[in-house]
Amino acid sequence: MKLGIVGLPNVGKSTLFNAITNAGAEAANYPFCTIDPNVGMVTVPDERLEWLRDVHQPKKFTPAVIEFVDIAGLVKGASKGEGLGNKFLGNIRSTDAIVHVVRCFDDPNITRHENSTDPLNDIEIINMELIMADIEMVERRIDKAEKAFKGGDKKFQHEADVFRRLLAHLNEGKLARTFEASEDELELIATSDLLTLKKTIYAANLGEDEVADYEGNANFQAVKKLADAEGSQVLPICAKLEADIAELDDPEEKAMFMEELGIRESGLDKLIKCSYTLLGLISFLTAGPDECRAWTIKKGTKAPQAAGKIHTDFERGFIRAEVISFENMKACGTMANARAKGMVRSEGKDYVMQDGDIVNFLFNV
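This write-up is about the structure you can find in this document. Just so it is clear, the model here is predicted, and its values are computed rather than measured. (Residues numbered from 1 in each chain as written. Predicted model: local features only at pLDDT ≥ 70, side-chain atom pairs only at ≥ 80, totals over all residues. Heavy atoms only, no water.)

1. A closer look at a negative patch on the surface
Keep this limit in mind: Each patch groups residues whose relative accessible area exceeds 30% and which form no salt bridge, using 9 Å between like charges and 5 Å between nonpolar side chains of Val, Leu, Ile, Met, Phe, Trp and Tyr. Accessible surface area values rest on a Shrake-Rupley calculation with a 1.4 Å probe, where residue burial reflects the displayed protein chains alone. Any carboxyl oxygen of Asp or Glu within 4 Å of a side-chain nitrogen of Lys or Arg constitutes a salt bridge here. His is not counted here, nor are the chain ends, while Lys and Arg score as positive and Asp and Glu score as negative. Every charge is mapped onto a representative atom, which is NZ of Lys, CZ of Arg, CG of Asp or CD of Glu. Helix and strand labels come from DSSP, where a helix needs a run of H or I of at least four residues and a strand needs a run of E of at least two; each type is numbered from the N terminus. Think of it in three bands: with a 1.4 Å probe and only protein chains considered, a residue is buried below 20% of the maximum accessible area for its type, exposed above 50%, and partly exposed in between.
Taken together, D249, D250, E252 and E253 make up a surface patch of like negative charges. Residue placement: E253 occurs in helix α9 (residues 251-261). What makes E253 partly exposed here is its relative accessible area of 42%.

What follows is the structure, given as structure tokens:
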């Protein structure tokens with residue numbers, strides 16, 4: 001999973017990126033301190049996998065991983081190449097989802113882009129630049145479909161019609177992900193790699209004294225209302241506090257510091273949960289003396305396709321899956337006990353994988 005962290009200059013993007021990745025990207029109080037995308041890889045915390053590691057003492061331990069990309073600050077006119085717009089648009093296109101950092105606090109000591117104090121205005125600036133870039137892509141897609149239709153291929157008439165409707169939607173300043181269409185039409189649109197199709201988490205960057213009671217923050221509520229309307233998620237966070245927390249190496253000291261601040265879980269943990277929910281992802285687990293590993297799949301994935309995540313031969317020669325839920329495994333203590341109690345199920349090719357399933361795939365090629 002690859003998430004792009006975006007936002008206007010000086011909203012706390014790089015501070016948040018540093019906090020969640022400890023990658024040490026430069027963070028400074030001026031625009032464009034992030035010129036090339038900084039990339040940080042973080043492991044997904046999973047107590048279930050850690051329990052399996054303690055039981056099996058494997059040679060290898062492989063948690064799931066998320067890649068974060070800190071992308072240069074956007075300015076008005078980016079879709080026309082202003083500022084670092086072309087780099088911004090190119091870098092964001094390769095991500096699975098967007099973490100859009102929005103400043104929801106005031107600080108006279110920090111430069112504010114265009115002197116804006118309205119988070120919704122900040123969001124609109126970025127969204128409009130993404131929409132403008134999408135309009136150009138859709139116009140090219142329509143032109144290509146119309147030429148193909150004139151060449152005698154009638155299926156392209158429908159494609160041109162769908163994208164013309166989408167173009168009208170974009171021209172009204174609306175995001176592609178809010179476009180209403182049939183399932184087949186949405187699948188067609190998904191082939192166009194539009195920027196405003198990408199699912200988004202709005203990271204509402206709050207002040208240090210506001211994050212514990214974020215529900216009472218008017219800026220946060222405004223961002224939440226917008227996110228709810230477009231099917232996005234909103235995450236209350238204080239990038240400065242997350243950076244302070246990240247600097248603490250002692251787990252007990254970190255826990256005490258968070259308790260004093262009224263913070264129940266780290267911003268990274270919350271962001272990961274948001275990301276999995278937003279993208280409809282779950283994890284299944286494999287465990288043994290050689291390796292304990294978490295595998296990320298889409299909700300609704302069936303057993304053979306999940307097996308294919310491990311190796312294509314597993315899917316091609318799939319016979320069945322031996323499955324036990326993590327809860328049952330933990331209650332039994334060992335796989336031998338679980339088998340003795342009849343807790344290990346044999347599932348076929350139509351089995352839909354569940355979050356936390358511990359699986360052993362049987363196959364024959």
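2. Description of helix α5 (residues 155-171)
To keep things clear, this is the line we draw: Helix span, expected: 1.5 Å multiplied by one less than the number of residues in the helix. When checking whether two residues touch, look at their non-hydrogen atoms; a contact exists if any pair is within 4.5 Å.
In this model, α5 (17 residues) spans 25 Å end to end at C-alpha, consistent with the 24 Å of a helix rising 1.5 Å per residue. Among the residues making up α5, those that are buried are E159, A160, V162, F163, L166, L167, H169 and L170. Of the surrounding secondary structure, the elements contacted by the buried residues of α5 are α4 (119-150) and α6 (183-190). Two residues or fewer after α5 comes G173, characterised by a positive phi angle close to 80°.

3. Quick word on the nonpolar core
The following threshold applies: Working definition of a nonpolar core: buried Ala, Val, Leu, Ile, Met, Phe, Trp, Tyr and Cys residues. They are joined through side-chain atoms within 4.5 Å.
Residues L52, I66 and F68 are the most contacted members of the largest nonpolar core, which totals 51 residues. Ranked by the residues each element gives to this core, the list is headed by helix α10 (residues 267-279), at seven residues. For L52, the contacting residues outside a window of four places in its chain are Q57, L285, A287, C292, F326, M329 and I358.

4. Focus on the packing of aromatic side chains
Just so we agree on the cut-off: For this analysis, a ring pair means two rings from Phe, Tyr or Trp (six-membered ring only for Trp) whose centres lie within 6.5 Å, classed as stacked if their planes differ by under 30 degrees, edge-to-face if by over 60, and tilted for the remaining angles. For a Lys NZ or an Arg CZ to count as sitting over a ring, it must be within 6 Å of the ring centre and within 35 degrees of the ring normal.
The full count for this structure, using the stated rule, is six aromatic pairs. Here Y214 and F220 contribute two aromatic rings whose centre-to-centre distance is 5.0 Å and whose plane-to-plane angle is 70°, an arrangement assigned as edge-to-face. Of the residues examined, Y214 reaches a relative accessible area of 28% and is grouped as partly exposed. Classification of F220 as buried rests on a relative accessible area of 2%. Judged by centre distance (5.9 Å) and plane angle (90°), the rings of F284 and F361 are edge-to-face. On the criterion of sequence distance, the pair formed by F284 in strand β8 (residues 281-286) and F361 in strand β12 (residues 357-363) is long-range, its members being 77 residues apart. The exposure class assigned to F284 is buried, which follows from its relative accessible area of 0%. Judged by its relative accessible area of 7%, F361 falls in the buried class. An aromatic cluster is built from F284, W295, F318 and F361, whose rings are joined through pairwise contacts. The ring of F61 is capped by R53, whose NZ or CZ atom sits 4.6 Å from the centre of that ring.

5. Some details on a nonpolar patch on the surface
Together, V39, M41 and V65 make up an exposed nonpolar region whose accessible area comes to about 260 Å². Looking at the secondary structure, you find M41 in strand β2 (residues 38-43). Overall, M41 belongs to the exposed group, its relative accessible area being 52%.

6. Points about α6
Owing to its 3.6 residues per turn, the α-helix aligns residues three or four sequence positions apart on the same side. Definition in use: Read the arc as the range of directions from the helix axis to the C-beta atoms.
Along α6, the residues classified as buried are E185, L188 and I189. Each buried residue of α6 sits inside an arc of 100° when the element is viewed along its axis, so together they form one side. Across from the buried face of α6, at angles greater than 90 degrees, the exposed residues are E183, D184 and A190.

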